[in-house]
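Take a look at the letters that make up each chain.
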Amino acid sequence: MAGRRELFGGRTAAILALAGSAIGLGNIWRFPYMVGQTGGAAFIIIYLASCLLLSLPIFLAEAIIGHRAQAGTFGAMERLAPGTKWKWLGLLTVLSPLVILSYYSVVGGWSIDYLWRSLSAGFRLGADGSVSSDFGRFITSPWVPLLCHTLFLGGCAWIVSAGVKSGIEKFNKVTMPLLFVLIVIIMVYSLSLPGASAGVEYLVKPDFSRITPSAVAAAMGQSFFSLSLGVGTILTYSSYIHEKENILVTGVGTVGFDLLFALIAGFAIMPAVFAAGIEPGAGPGLIFETLPYIFAKMGASAPWLSGAVAVLFFVTIVCAAFTSAISMFEVGVAYLVEQRGVSRRRATLLVFAATWLLGALCSLSFGPLSGVRFFGRTLFEFCDFLTSNFLMTFGGLLFVLFVGWKMPRAAVRDEFTSGGTSRFNAAVFDAFWFLLRYVAPLAIVVIFLTNFFA
Ligand code: PFF
């Protein structure tokens, strides 16, 4: 069966696909607003440390499982631990990315709408100083967000149905380099605005008094989300990497790109926020409320330039959301194709139908269904809370325990060092093994408890 599976064309294709999964709304939307809310440069320092010491080993653990098994999440557990309870981890990690995809697609849909707005009327300031785009009214209206969610998910289905090589690989190969070019252009514009230097200072001058336990837990949680950990997407994509490729090289490449992109996004957004005289702790409304306000404000003096930057910005968001969403879509498709013998086209349709329905309910939970509550939260909030605070960390913990305590050390070492051929990897293996067996599980339990009690 392994021989018949489609694989990525090479190391670059694999890194671009994995980076495509990692780089998304988490980098452009969540990272800057968390930096703003949780303490600027101090947060960035903790974030860097948790990416390297915690998330990289977890990323590698997931990648090792997929690469070794050459199968999607459920099949990997069946292959590496046949007939054991680990199959439940396989099942959990088929379902959790589909829950994330459902609400992620709603936000992806909003970005499509905002791209359309920036291309058509643009963003203008009203006489009372408010922006022409009213985010609150938009998301509570039922039809347009639903239509945009359908368009976004339909786009994902179209890419995934074309296959691993002609769909996913091709899309990432074009989109990922474009994303880097676009975000650098936006950063240059942002840095050139009068007053931008206050934003730069905010990002580089740490205030160590802001390093609190909850800031540390937030940074670790953000690195989890940003690297798509604990839900089987990294595992599934790694199963499409050729057996002879080394997992450490791919992992370091992906984590490096993800970090770099988040930092550039920070330098693209914060200087503009400061230049417009806005508080950096605006929270989740940063992209859809604060930035349109900034575009409108800048547009008063340079309408053409600010309009063009707004278009580039929303193109970046839409593309980044697509490359992440297709990785979640693929997890469900791989399960149906490999374990249930369904054709790729049919599997795509089934995943589309299930995630469309849940996503539609999430979308309506801002308006007509806002009264339906789960533990005091709307359906959208509940799905987000459940996945980012529990399912991702829980899945990550089980993956780490599986590699660190269930897989034979020799098999893990073999994957890590490409069968003992890489001397450098052999030299750092013990450090990796220590981080994986002791540090990562402990840190995940700490994040888990902090989220639970905070
Ligand atoms: N890493 C993505 C982002 O930063 O936007 C989000 C994500 C993608 C989470 C895929 C989970 C996942 F399985």
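To start, this report covers the structure provided alongside it.

Thresholds applied
Residues numbered from 1 in each chain as written. Predicted model: local features only at pLDDT ≥ 70, side-chain atom pairs only at ≥ 80, totals over all residues. Heavy atoms only, no water. Helix = DSSP H or I, 4+ residues; strand = E, 2+ residues; numbered from the N terminus. Rg over C-alpha atoms; globule rule 2.2 N^0.38 Å. Buried < 20%, exposed > 50% of the residue type's maximum accessible area, 1.4 Å probe, protein only. Contact = heavy atoms within 4.5 Å. Areas by Shrake-Rupley, 256 points an atom, 1.4 Å probe, with all protein chains shown as cover. Lys, Arg positive; Asp, Glu negative; His and termini not counted. Charge placed at Lys NZ, Arg CZ, Asp CG, Glu CD. Salt bridge = Lys/Arg side-chain N within 4 Å of Asp/Glu carboxyl O. Near = heavy atom within 4 Å. Polar contact = N/O pair within 3.5 Å; in protein donor to acceptor, adjacent residues only side chain to side chain. 1 Å grid on protein atoms, 1.4 Å probe; cavity = no way out; pocket = protein on both sides within 12 Å on 5 of 7 lines; lining within 4 Å. Sits in = over half its atoms within 2 Å of the grid points. Nonpolar A, V, L, I, M, F, W, Y, C, P; charged D, E, K, R; others polar.

### Quick look at the overall build of the chain
In step 1: If you tally the helices and strands in the chain, you get 18 helices and zero strands.
In step 2: Here the chain has a C-alpha radius of gyration of 21 Å; the compact-globule value for 454 residues is 22 Å, and the two agree.
In step 3: Relative to its full complement of 454 residues, the chain shows a buried share of 59%.
In step 4: In the chain, once contacts between residues fewer than 6 apart in sequence are set aside, the share between residues at least 24 apart is 82%.
In step 5: Accessible surface computed for the chain: about 17,900 Å², of which carbon and sulfur atoms make up 68%.
In step 6: The average position of the 29 basic charges and that of the 21 acidic charges among the side chains of the chain differ by 7 Å.

### Some remarks on the environment of aspartate 384
In step 1: Relative to the assigned elements, aspartate 384 resides in helix α16 (residues 379–406).
In step 2: Under the relative-accessibility criterion, aspartate 384 is labelled partly exposed at 25%.
In step 3: For the pair aspartate 384 and serine 102, spaced 282 residues apart in sequence, the C-alpha to C-alpha distance is 9.8 Å.
In step 4: When near neighbours in sequence (up to four residues on either side) are disregarded, aspartate 384 contacts Tyr103 and Asn389.

### Observations concerning the pattern of salt bridges
In step 1: Per the stated rule, a full pass over the model turns up 11 salt bridges.
In step 2: Measuring nitrogen to oxygen at the nearest pair gives 2.6 Å for the salt bridge that ties aspartate 113 to arginine 117. Linking aspartate 113 with arginine 117, this pair stays in helix α5 (residues 87–119), spanning four residues, or about one helical turn.
In step 3: Between arginine 344 and glutamate 330 there is a salt bridge, with its nearest N and O atoms 2.5 Å apart.

### A short note on the site of the ligand
In step 1: Around the ligand sit 17 residues in total, of which Ala22, Gly26, Tyr104, Phe225 and Val231 are the nearest.
In step 2: Note that an oxygen atom of the ligand is positioned 2.6 Å from one of the side-chain N or O atoms of tyrosine 104.
In step 3: Phenylalanine 225 is positioned with one of its backbone polar atoms (N or O) 2.9 Å from a nitrogen atom of the ligand.
In step 4: Bound to the protein, the ligand loses 100% of the 340 Å² it would expose on its own.
In step 5: Among the detected pockets, the ligand sits in the largest cavity.
In step 6: Considering only residue class, the shell around the ligand consists of eight nonpolar, nine polar and no charged.

### Things to note about the side chain of threonine 323
In step 1: With respect to the secondary-structure elements, threonine 323 resides in helix α14 (residues 303–340).
In step 2: Looking at threonine 323, its side chain comes within polar contact range of the main-chain oxygen of alanine 320, at 3.0 Å.
In step 3: Beyond its immediate chain neighbours, meaning those up to four positions away, threonine 323 contacts Gly20, Ser21, Ile23, Phe171, Asn172, Thr175 and Met176.

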